[in-house]
Structures are given as C-alpha cells and as structure tokens.
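Per-entry structural report
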Amino acid sequence: MTSEQRARYEAHCAHHNATSKVAGAAETCMFCEKLIADPFDPAKLQLAGAVVIPFFGYFCSQPCADAFERDFGIQFKRDATGKVSYQ
Ligand SMILES: [Zn+2]
C-alpha cells in the first residue's frame, strides 16, 4: 500500500463508517456501498455471493473485493480458487 493509497483508504473508511451509522444496524458493501442483506448471518451472505472479511467489513460480491484490493493496494486472504475467503 502506498502512502497515497493509505490516505485514500483512511478517508474511504471514515466515510463508510459515517454512512453505516446513519443507516443504523444495516451494513453496506465496503466498495460500492450497496446494502448487505443480512450481516448477522455470514453463511447466508456467502451463499448470496457476498464476501465477509472478519473484523473489517463486507463486500456485496467478489468483483467489489477485487476492486477494493486493487484501488487501495490491500491483499485479502484467498482460498485455493483465488476467491477472498476467511473460512
Ligand atoms: Zn459492492
């Protein structure tokens, strides 16, 4: 992660946390801010194609996780198939 990416990342997270609080208990995608259906049921989320990053947040889909990694120079844990996975 470059210092420029870190600055953008911190601004993005601050913005995301602020908008999440406004929406109440609902979680939104860390990249596109689409509403995540049921953040309290990770198994159901993953069946729906969402990506769960423990202690970090949620992505509505694998492409959003890929784009977030690329934009901010972050590498999430991946499984053998190349998908982001913390299983
Ligand atoms: Zn998304």
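Residues numbered from 1 in each chain as written. Predicted model: local features only at pLDDT ≥ 70, side-chain atom pairs only at ≥ 80, totals over all residues.

**Structural notes on the overall build of the chain**
Test applied: Per the convention used, a helix needs a DSSP run of H or I reaching at least four residues, while a strand needs a run of E reaching at least two, with both numbered from the N terminus. Here the radius of gyration uses the C-alpha set of atoms, whereas the globule reference equals 2.2 Å times the residue count to the power 0.38. Counting other C-beta atoms within 10 Å of a residue's C-beta gives its exposure: the residue is buried at 20 or more, exposed at 12 or fewer, and partly exposed in between, where C-beta atoms are placed from the backbone. By definition, residue pairs are in contact when their C-beta atoms, positioned from the backbone, come within 7 Å.
Along its length, the chain carries three helices and four strands. The linear arrangement of helices and strands in the chain, starting from the amino end, is α-β-β-α-β-β-α. In summary, the chain has a C-alpha radius of gyration of 13 Å against a globular reference of 12 Å for 87 residues, a match within 12%. Taking the principal axes of its C-alpha atoms as reference, the chain extends roughly 35 × 35 × 20 Å. Taking all 87 residues of the chain together, the buried fraction comes to 17%. Taking all contacts inside the chain whose residues are at least 6 apart in sequence as the whole, residues at least 24 apart take part in 37%.

**Observations concerning helix α3 (residues 62–72)**
Under the convention used in this document: The arc under discussion is defined with respect to the helix axis, by the directions toward the C-beta atoms.
Those residues of α3 not exposed but buried are Cys64, Ala65 and Phe68. On an axial view of α3, the arc spanned by its buried residues comes to 100 degrees, and they lie on one face. In this structure, the buried residues of α3 make contact with β3 (51–53) and β4 (57–59). Gly73 sits one or two positions beyond α3 and adopts a positive phi of about 65 degrees.

**Digging into the nonpolar core**
Test applied: Joining buried Ala, Val, Leu, Ile, Met, Phe, Trp, Tyr and Cys residues through C-beta atoms within 7 Å gives a set, and that set is a nonpolar core.
Core analysis: the biggest nonpolar cluster contains 13 residues, and Cys29, Ala50, Tyr58, Phe59 and Cys64 have the highest contact counts within it. Those elements that place two or more of their residues in this core are β3, β4 and α3. For this core, the element with the highest residue contribution is α3, accounting for three residues. Filtering out sequence-adjacent residues up to four positions away, Phe59 remains in contact with Cys29, Met30, Phe31, Ala50, Val51, Cys64, Ala65 and Phe68.

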